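Observations on the model geometry
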Amino acid sequence: LREGHGTMVFQPIVLLSRGTVAAYEALGRGRHPQLPESPLELLRIAESIGREAELSRLFRRRAVELTAQRRDLPTVFLNTHPVEFQRPGLLESLEELREIAPQLDLSLEIHESVLTRPAAIAELRALLLERNIALAYDDFGAGQARLLELAEAPPHYLKFDHRFISGLDQAPLAKRRLLQSLLSLARELLVKTVAEGIETPAEARVCAEIGFTHAQGFHMGRPRPIEQL
């Protein structure tokens, strides 16, 4: 954190109807010689010393610094850590990003675990819109599908947890119908839906058939450095 070590890789999010890249999710990687590369391991270390919010902000800043000069990129998705919603500094960090790259199309991902107060999330959504930043709910359904919060404070993007998607082509019909009903609700709310963790052509085909608008996963493309985009 002190030396600003860290870099980003970017994983494509594909528009299912066309098979074209519609966005990239920025994913942090460590570069310090005495620390792990994995962002999950780095976050665990940061959490042990109460610095996880700073690490999350560092990754977002690095992502924007790396993409600021590009004029050919679609939307860039940036991650947050749940603790950032309990501490000051989140909006200030986003304003800083806007100063670095005023023209960049950004979307902020928040984990569904923080969707406990719809009024607060609706306020956050409005504040993000003032800064021309879209809102995405990440890992939807990982804990519980928060339908009330979804209806009261709809995001621009809804990213379905990979556990919904894994093996979907072989899943019981009831599971597909459940997903279709959730996708129908999202469609009525004008929310774009992303199937996360797609690893096979069959999973991608079923996701397109039941109504997902976007897809992400190793089948759609692996994370790559900025130079390869």
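Residues numbered from 1 in each chain as written. Predicted model: local features only at pLDDT ≥ 70, side-chain atom pairs only at ≥ 80, totals over all residues. Heavy atoms only, no water.

**Section: the packing of helix α1 (residues 39–48) against helix α2 (residues 52–67)**
- Between α1 and α2, the least distance of the axes is 8 Å, while the angle of their chain directions is 140°. Along the contact surface, α1 presents Pro39, Leu42, Leu43, Ala46 and Glu47, while α2 presents Glu52, Leu55 and Phe59.
- Split into classes, the residues belonging to the contact of α1 with α2 amount to six nonpolar, no polar and two charged. (Axes fitted to C-alpha atoms, helices over the stretch in contact; angles between N-to-C directions. Helix = DSSP H or I, 4+ residues; strand = E, 2+ residues; numbered from the N terminus. Contact = heavy atoms within 4.5 Å. Nonpolar A, V, L, I, M, F, W, Y, C, P; charged D, E, K, R; others polar.)

**Observations concerning the sheet that holds strand β6 (residues 157–160)**
- In spatial order, the strands read β1-β2-β3-β4-β5-β6-β7-β8; together these eight strands close into a barrel with mixed pairing. Each adjacent strand pair in this sheet contributes to an overall mean axis angle of 30°, direction not counted.
- Direction of pairing for strand β4 (residues 106–111) relative to strand β5 (residues 133–140): parallel, over a ladder of six bridges. Among the inter-strand pairings, histidine 111 is bridged to a residue of β5, identified as aspartate 138. (Pairing = 2+ DSSP bridges.)

**Here we look at helix α8 (residues 201–210)**
- By the burial criterion, the buried members of α8 are Glu203, Ala204, Val206, Cys207 and Ile210. Take α8 and look down its axis: the buried residues cluster within an arc of 165°, on one side only. Turned more than 90 degrees off the buried face of α8, the exposed positions are Pro201 and Glu209.
- Summarising the contacts, the buried residues of α8 are in contact with α6 (162–165), α7 (173–188) and β7 (192–195).
- Positive phi shows up at glycine 211, right after α8, with a value of about 115°. (Buried < 20%, exposed > 50% of the residue type's maximum accessible area, 1.4 Å probe, protein only. Arc of directions from axis to C-beta.)

**Re the packing of aromatic side chains**
- Taken as a whole and assessed by the stated rule, the structure comprises four aromatic pairs.
- Residues phenylalanine 77 and tyrosine 157 carry aromatic rings whose centres are separated by 4.9 Å and whose planes lie at 65° to one another, so their mutual orientation is edge-to-face. Taken as a pair, phenylalanine 77 in strand β3 (residues 75–79) and tyrosine 157 in strand β6 lie far apart in primary sequence, 80 residues in all.
- Ring centres 5.1 Å apart and planes at 90° place the aromatic pair phenylalanine 160 and phenylalanine 212 in the edge-to-face group. One end of the pair, phenylalanine 160, is in strand β6; the other, phenylalanine 212, is in the loop between α8 and β8 (214–216), and 52 residues separate them in sequence. By the burial criterion, phenylalanine 160 is buried, and phenylalanine 212 matches it.
- The cationic tip of arginine 222 hangs over the ring face of phenylalanine 218; the distance from NZ or CZ to the ring centre is 4.0 Å. (Phe/Tyr/Trp six-rings, centres within 6.5 Å; stacked < 30°, edge-to-face > 60°. Lys NZ or Arg CZ within 6 Å of the ring centre and 35° of its normal.)

**Concerning the side chain of arginine 131**
- With respect to the helices and strands, arginine 131 occurs in the loop between α4 (118–130) and β5.
- At 2.8 Å, the side chain of arginine 131 forms a polar contact with the backbone oxygen of leucine 127.
- Each residue touching arginine 131, except ones within four places of it in the same chain, is listed here: Leu91, Glu95 and Arg98. (Polar contact = N/O pair within 3.5 Å; in protein donor to acceptor, adjacent residues only side chain to side chain.)

**Examining the packing of α2 against helix α3 (residues 90–100)**
- Closest axis-to-axis distance for the α2/α3 pair is 10 Å, and the angle between their directions is 15°. With respect to α3, the element α2 is oriented roughly parallel. Here α2 runs over α3; the crossing is right-handed. Contact residues: α2 offers Arg57, Arg60, Arg61, Val64 and Glu65, while α3 offers Leu90, Ser93, Leu94, Glu96, Leu97 and Ile100.
- Considered class by class, the residues forming the contact of α2 with α3 number five nonpolar, one polar and five charged. (Parallel < 35°, antiparallel > 145°, perpendicular 65-115°, else oblique. Left-handed = near helix turned anticlockwise from the far one by under 90°.)

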